[in-house]
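# Geometric and topological summary
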Number of protein chains: 2
Amino acid sequence: MDRRRVIIEGVQPEIDAGRFPIKRVVGDEVTVEADVFTDGHDLMTSRLLWRHEKQRSWRHAPMLPLGNDRWRGSFGVESLGRYRYCIEAWVDPFRTWRSDLDKRVAAMQDVGVDLQIGAAWLEQAAARARGRDAESLRRAAVTITDERVAQAERAAAALDRALSTLVSLYPDLSHATRYDIELEIVVDPARAQFSAWYEAFPRSMGEEGRHGTIADVEARLPYIHELGFDVLYLPPIHPIGTTKRKGRNNAETASADDVGSPWGIGGVEGGHKSVHAELGTIVDFEALVMSAGQYGIDVAMDIAFQVSPDHPYVQAHPEWFRARPDGTVQYAENPPKKYQDIYPFDFDSAEWRSLWEELETIFRFWIEKGVRIFRVDNPHTKPFPFWEWCITRIKQKYPDVLFLAEAFTTPRRMERLGKLGFSQSYTYFSWRNDKASLTEYMEQLVQTDVAEYLRPNFWPNTPDILTEYLQTGGRPAFMNRVILASMLSSNYGIYGPAYELLSHRPAKAGSEEYLDSEKYEIRSWDLEDNHSIARLIARLNEIRKENVALHTNHTLRFHRVAGGGRESEGQESEHIIAFSKASGGDRVRSLNPHGDTLGEPVVVDAPGSDANNVILVVVNMDVAATHHGWVAVDLAALGIDPSRPYILHDLLSDARYEWAGALNYVELNPHAVPAHVFRITQPETQAQRIDVDTES
Amino acid sequence: MDRRRVIIEGVQPEIDAGRFPIKRVVGDEVTVEADVFTDGHDLMTSRLLWRHEKQRSWRHAPMLPLGNDRWRGSFGVESLGRYRYCIEAWVDPFRTWRSDLDKRVAAMQDVGVDLQIGAAWLEQAAARARGRDAESLRRAAVTITDERVAQAERAAAALDRALSTLVSLYPDLSHATRYDIELEIVVDPARAQFSAWYEAFPRSMGEEGRHGTIADVEARLPYIHELGFDVLYLPPIHPIGTTKRKGRNNAETASADDVGSPWGIGGVEGGHKSVHAELGTIVDFEALVMSAGQYGIDVAMDIAFQVSPDHPYVQAHPEWFRARPDGTVQYAENPPKKYQDIYPFDFDSAEWRSLWEELETIFRFWIEKGVRIFRVDNPHTKPFPFWEWCITRIKQKYPDVLFLAEAFTTPRRMERLGKLGFSQSYTYFSWRNDKASLTEYMEQLVQTDVAEYLRPNFWPNTPDILTEYLQTGGRPAFMNRVILASMLSSNYGIYGPAYELLSHRPAKAGSEEYLDSEKYEIRSWDLEDNHSIARLIARLNEIRKENVALHTNHTLRFHRVAGGGRESEGQESEHIIAFSKASGGDRVRSLNPHGDTLGEPVVVDAPGSDANNVILVVVNMDVAATHHGWVAVDLAALGIDPSRPYILHDLLSDARYEWAGALNYVELNPHAVPAHVFRITQPETQAQRIDVDTES
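Values in this document were obtained by computation on a predicted structure and should not be read as measured data.

## Comments concerning the overall build of chain A
A tally of regular secondary structure across chain A gives 16 helices and 30 strands. Counting contacts in chain A only where the partners sit at least 6 residues apart, residues at least 24 apart contribute 77% of the total. For chain A, the exposed surface amounts to about 28,200 Å²; the carbon and sulfur share of it is 49%. Taking the average location of the 77 positive side-chain charges in chain A and that of its 102 negative ones, the two points are 4 Å from each other.

## Observations concerning the packing of aromatic side chains
Summed over the entire model, instances satisfying the criterion amount to 90 aromatic pairs over all chains. Measuring from centroid to centroid gives 6.4 Å for Trp197(A) and Tyr233(A), while their planes differ by 70°, and the two rings are edge-to-face. A residue pair is termed long-range when its members are at least 10 positions apart, and Trp197(A) in strand S11 (residues 195–199) and Tyr233(A) in strand S12 (residues 231–234) qualify at 36 residues. Tyr233(A) gets classed as buried once you look at its relative accessible area, which sits at 0%. Their ring planes at 70° and their centres at 6.2 Å tell us that Trp197(A) and Trp459(A) sit as a pair that is edge-to-face. Separated by 262 residues along the polypeptide, Trp197(A) in strand S11 and Trp459(A) in the loop between strand S21 (456–457) and helix H14 (468–488) bring together distant segments of the chain. Trp459(A) carries the same exposure label as Trp197(A), and that label is buried. In this arrangement the basic side chain of Lys369(A) is found over the ring face of Phe365(A), its NZ or CZ atom lying 4.5 Å from the centre. Seen from the ring of Trp58(B), Arg51(B) lies directly overhead, with NZ or CZ sitting 4.9 Å from the centre.

## Focus: the pairing of strand S25 (residues 614–620) of chain B
Residue and element names in this part refer to chain B. The buried fraction of S25 amounts to seven of the seven residues, a majority that puts the element mostly inside the structure. Residues Val614, Leu616, Val618 and Asn620 of S25 are buried on one face, and the alternating residues Ile615, Val617 and Val619, pointing to the opposite face, are buried as well. Direction of pairing for strand S24 (residues 576–582) relative to S25: antiparallel, over a ladder of seven bridges. For Ser580, the partnering residue across the bridge sits in S25 and is Leu616. Direction of pairing for S25 relative to strand S30 (residues 675–681): antiparallel, over a ladder of six bridges.

## Here's the deal with the environment of Gly267(B)
Residues and elements named next belong to chain B. Locating Gly267 in the fold gives a position in the loop between strand S12 (231–234) and helix H7 (282–294). Sequence separation between Gly267 and Gly241 is 26 residues, and the spatial gap between their C-alpha atoms is 4.7 Å. Discounting residues that sit within four places of it in the chain, Gly267 has contacts with Pro239, Asp310, His311 and Pro312.

## As for the packing of helix H3 (residues 131–144) of chain B against helix H5 (residues 161–168) of chain B
Residues and elements named next belong to chain B. Between H3 and H5, the least distance of the axes is 11 Å, while the angle of their chain directions is 130°. On the basis of the axis angle, H3 is oblique to H5. Every pair of crossing elements has a handedness; the one defined by H3 and H5 is left-handed. Contacts between H3 and H5 pair Asp133, Ser136, Leu137 and Ala140 from the former with Leu163, Leu166 and Val167 from the latter. Within the contact of H3 with H5, the residues separate by chemical class into five nonpolar, one polar and one charged.

## With respect to the confidence of the model for chain A
Looking at chain A as a whole, its pLDDT mean stands at 94, while 95% of the residues score no less than 70. Scored as a whole, the predicted complex attains pTM 0.94, and scored at its interfaces, ipTM 0.94.

## Observations concerning the relation of the copies chain A and chain B
In this arrangement, two copies of a chain are superimposed by a rotation about an axis accompanied by a shift along the axis. It takes a turn of 180° to lay chain A on chain B, together with a shift of 0.0 Å along the axis; the resulting RMSD is 0.1 Å. As the rotation angle and translation indicate, the two copies are arranged about a two-fold axis. Residue Ala17(A) of chain A places its C-alpha closer to the rotation axis than any other residue of that unit, at 3.0 Å. The fraction of interface residues of chain A whose copies in chain B are also interface residues reaches 100%, indicating that both copies meet through the same surface.

## Section: the sheet that holds strand S22 (residues 491–495) of chain A
Residue and element names in this part refer to chain A. The strand order across the open sheet formed by eight strands is S21-S20-S19-S18-S13-S12-S11-S22, and the pairing between neighbours is parallel. Here the strands that pair on one side only, and so sit at the sheet edges, are S21 and S22. Inspection of the sheet shows strand S18 (residues 373–377) paired to strand S19 (residues 402–406) by five bridges, in the parallel sense. What sits directly across from Arg375, in S19, is Leu404.

## Some words on the interface of chain A and chain B
Listed as interface residues are 53 residues of chain A and, on the opposing side, 53 residues of chain B. When chain A packs against chain B, the two sides together hide about 5,400 Å² of surface, and 55% of this comes from carbon and sulfur. Together, Met1(A), Arg3(A) and Arg412(A) form the three largest contributors to the area buried by chain A at its contact with chain B, with a combined 16%. On the surface where chain A and chain B come into contact, there are 12 salt bridges. Across the salt bridge formed by Arg104(A) and Glu333(B), the nearest N and O atoms sit 2.3 Å from each other. Our enumeration of links across chain A and chain B arrives at 22 residue pairs in polar contact (both at pLDDT 80 or more). Of all the elements in the fold, those that place two or more residues in the side of chain A that touches chain B are strand S1 (7–12), strand S3 (29–37), helix H1 (93–106), helix H2 (112–128), helix H9 (352–368), helix H10 (384–397) and helix H11 (411–419) of chain A. Tallying contributions element by element places H11(A) first for the side of chain A that touches chain B, with five residues.

About the criteria used
- Every chain is numbered on its own, with residues counted from 1 as its sequence reads.
- To read the labels, note that chains go from A and ligands from 1, taken in the order they are written.
- For a predicted model such as this one, the threshold for reporting local features is a pLDDT of at least 70, and the threshold for listing and counting side-chain atom pairs is 80 or more; totals across whole chains, interfaces and linings nevertheless cover every residue.
- Computation of side-chain values: all heavy atoms of the structure, hydrogens and water removed.
- Going along the chain from the N terminus, every DSSP run of H or I of four or more residues is numbered as a helix, and every run of E of two or more is numbered as a strand.
- Here, two residues are considered to be in contact whenever any of their heavy atoms come within 4.5 Å of each other.
- Working definition of accessibility: Shrake-Rupley area with a 1.4 Å probe, residue cover restricted to the visible protein chains.
- His is not counted here, nor are the chain ends, while Lys and Arg score as positive and Asp and Glu score as negative.
- In this description, the location of a charge corresponds to atom NZ of lysine, CZ of arginine, CG of aspartate or CD of glutamate.
- Aromatic pairs are defined between Phe, Tyr and Trp rings, using the six-membered ring for Trp, whenever the two ring centres lie within 6.5 Å; interplanar angles under 30 degrees are classed as stacked, those over 60 as edge-to-face, and all others as tilted.
- Partly exposed describes any residue whose relative accessible area lies between the buried limit of under 20% and the exposed limit of over 50%, with all areas from a 1.4 Å probe on protein chains only and scaled to the type maximum.
- To sit over a ring, a charge needs its Lys NZ or Arg CZ within 6 Å of the ring centre and within 35 degrees of the ring normal.
- When DSSP finds two or more bridges between two strands, those strands count as paired.
- Axis definition: a line fit to C-alpha positions, over the contact stretch in the case of helices; interaxial angles, taken between N-to-C directions, run 0 to 180 degrees.
- For classification, angles of less than 35 degrees are called roughly parallel, those exceeding 145 degrees roughly antiparallel, those between 65 and 115 degrees roughly perpendicular, and all remaining angles oblique.
- With the far helix as reference, a near helix turned anticlockwise by less than a right angle produces a left-handed crossing, and one turned clockwise produces a right-handed crossing.
- Each residue receives one of three labels: charged for Asp, Glu, Lys and Arg, nonpolar for Ala, Val, Leu, Ile, Met, Phe, Trp, Tyr, Cys and Pro, and polar for the others, Gly being one of them.
- Known as pLDDT, the predictor's per-residue confidence is scaled from 0 to 100.
- Least-squares fitting of one copy onto the other uses the C-alpha atoms of those residues that reach a pLDDT of at least 70 in both copies.
- Two parts lose some accessible area (1.4 Å probe) when they are put together, and adding that loss for both gives the buried area.
- Salt bridge, as used here: a side-chain nitrogen of Lys or Arg that lies within 4 Å of a carboxyl oxygen of Asp or Glu.
- Any pair of nitrogen or oxygen atoms within 3.5 Å is treated as a polar contact; in protein, a donor-acceptor pairing is required on top of that, and neighbouring residues in sequence qualify only through side-chain atoms on both sides.

Now the structure itself:
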């Protein structure tokens, strides 16, 4: 039996009944909604509780009703680490009584008895208050029941707003309902949410095909910085095994001068805590991390939990590997394929505890050398509970450390890795090359609960992924995909210089492997090649930095585009995609799981105001042909006044256009620039307008 | 640290992380889905566990993969009361090994070492098995490693299906994952899901205006039975208070011969456990319950937890009411309105525990008199925790007792009452009189989680609700609404004889109250009136009983209707609504919360086969004019072969039509019969076809 009358349910955000935290970055506002209601007609008060895990006491913020029993409140998160939040609500007899009194007075009823009832509520509040407040409440109780004073005057005193506020400071919480679950937030550094990654092989950075060194990487920093990237991700820099080493183009056997795959980790010189001798030393690496930091660049380290047969672990810890009945160690397999150059760890080993502990020390080792970002290779082939344990422990001590999950697997597994702690995740973006599938995928990532725990990182290419679209689409495809990646997702990356130099030859037809892949050999790249799209990429990264709308994904919204050309008029264009991000206004994703219409429409600040940075991107996804169409801009969503024209500044071409109303013409030639990246402003008056170009 | 590698999540059905049970009826199949996956490529086995709460040990059923990590299993519930279900899954090394072996053999690899590995798995299974099975497993281990036998022969023995099945009987569960939550099911009698209610005032059943008695109700049973109803719901039958009694048409003061409202419960003669003297005695009532039972009719009792000022509780238990400062008892109010004839209970009373306990005894009292169905008046104005406590306790002892929640309040409150135990719920159906809002509402009720715990009961009218649609729509409106109620919802009811006699005059313009409402006076009804639509209603109830498709809601599906007339061709018709229910095939509601496409399309049995009773209802919702249109039948969903014609038998008119393909013409005149209720069959061959009418 429990007489608490308020029900709190339908809390959002909430992942798997609070089993997993949501993710935010420092400085974020956390908006929480819930269904809060009670029986009958009594009024309630509801508030949001929150605290950093290191604080003992809750802070609270008011929740306001949106209609249909839905309430909303919010608070800011200012520190790294874990926060908790909860909701508390109670039946509020004084507010109920006051609201009823108001109606009785309006109906000119005798309220003598009602004032006596109210005085009792005031006395009770006084008993909970102290000092002057208690005195004021007691005095009010006397005043409103003083028969010598006219009833109308006493009623007015009882309805006084200041009195109401005073009472609200001393609520009776003895029958308040506290939501069953304390929900959690992991607060990361801003880079978790907004980052531009550049992946490159150190050994290819030497001059004229010489094996590159960490010093060469340092020399490459100005280039990477000019391109505007802020994370430099290096494939494994550890010693590489020689036993069963693969040759160029993944040949079965290596020749003497083959350098091997950096993912074949471990040789006689050492394993995951060593640096490959030809690259340099740990001291060199620490220096690189420092230098990169001066450019605002984080060095991301690759963590691949697998070993070559030459890794010291194989001798020192045979218990961490599976023994075959013939006495050999079980190599990696995907039957009937065998990968005899790689030994996987046996997580089912009886000694799994010591294995987990050792693996965690690898992260700690590099954290102590200054690394703050790890790109984890194939985390979905290691037990999920390991990652939750490992990441949680590390972030307890180092809440600024970030983990990118390189898991190309089923949606539920990718989502699970996000839930249990990975800060960012690779996605299927690379293969979403048509408008319909890209739109659908973005909605899944951005407009569902997934957005609370999985931060997408969009890669048009990786050393393992040269998509058919890039193989065959030429320069337009490369421009397209990097524009989409950088504008759709606040986290994105490329594998360069292969990307900016439009490297597009596959190892063989039907394969997504690069020909002469850097995974198996040293490549020399001509960064000055005049086919390079480095300038476009640099401009995209500049636009990203200058426009806060692009620093998050949660305002992403697709706009309809009526097709032109052979398509029938008014039909959705198959080729032209249009989407916006806007820093002002509400998140696109409704937190309300019930699909009811709630409250008033959101008022959005005018675009171009300080509060509302608005970016509209229009891309022709057909690499072969020019297409035109009419973008149906969702004006209300972007805060655009439909009665006045608005200005679109194309941040790629620097052209300016004036549009009016929702439907506007666009035409995009993939061989020139296949996209507009517009910043939208709407001047208040004619005088404030700038000159605009007359044609696209 | 926890090395269990299988993850189980996304379980459906699951209400609020298992906080509330789902609802089923005896004989139902319970289908459960979950996301089940592990790291890497190992195969898993997953099974569904279930048991009745009175059974100690779990039973289990296999779960099968649907693709994309989604698994499904099902079991039947045969007994009343609570069941529990859970999911268990584990990495299955033998199945993984066997599958790999298959690939290796196909690739003609040497599998000598692999057979040794498999033998070890067999030895382990043998250690878990007993008797002959253990022996067989050990023998198999020896056989497949017997070097004297050819490898191909040994591999074939290892791949033997029977061996695989034998191993699967002895799984290694030491690292199995059990889903965190044991989920619950409340299993009710079939009537909870399929019922036709008839509400009528006993006191109006007397001859020529004489105060009716329980004996008169008994005399009315054949009529109600002929109409096909199986629940007879009586407004309160308790003594009625006289203090501040309301007169006819809710007049402020009653005259001496006014009978008062049955909801003004309690007089000097007694309260909630007494029968109004003019109606008869408790013994009469028990006899009525018995007689009704012989007609297959349940008598549903009205439970209204409120009292008249004359109720014995007021004197005996002043602590259950709120005292006003002037010494009077607080009456019901909705400021500035006052209802001085009614005292609400004070659930915030210090004596709330004794109040709850007393109220529960009211249910028990009538249960002991034979009542099995309660219609609860305004449950949303009593604390939610009270209902959960009360209903749970009662159903522990009497799992066959049902509760209908009469809560016309916000969606979340109505849903909460369903979650915490009410067996059926009144809905907004009465006011969903246009196609768009009705369709949207049905989708919310039937295709969301709400369907798991809230069983809708559709009422076109009640003594409190005479909608404007019925006031103004004439006979077509009355036909329309009862057809929709009875066909859309497996539970429905009418307030009669007002309904079948088309009573439609409101107390005043803009009011939904009846003129000369039976709530305040005795009415005399001419059941033989030739405007009565009793025959239509009887036919509808007959159709419901004969067609199992109509016994549930979960297969409800709307079909598009292209409009005719002034509407542009091909546009969705505003007036003609078409929907189906089909006993065969899958539930319309996908259990998969992720929106992925899963598995193979469902194969639906042919309509008209034993396994697939298919009903297609087409209604013209415009009471004023004839409309025509083209119904776009979703053939695949109903199991109709698009290459052959199918037969539609109109169960209302007895006409038969032959349709072919998806698009078919309909035309409905609201003044004749505004609906088709088709049973669809598709004969296998021409010879099996019956003669069909040529035109509608």
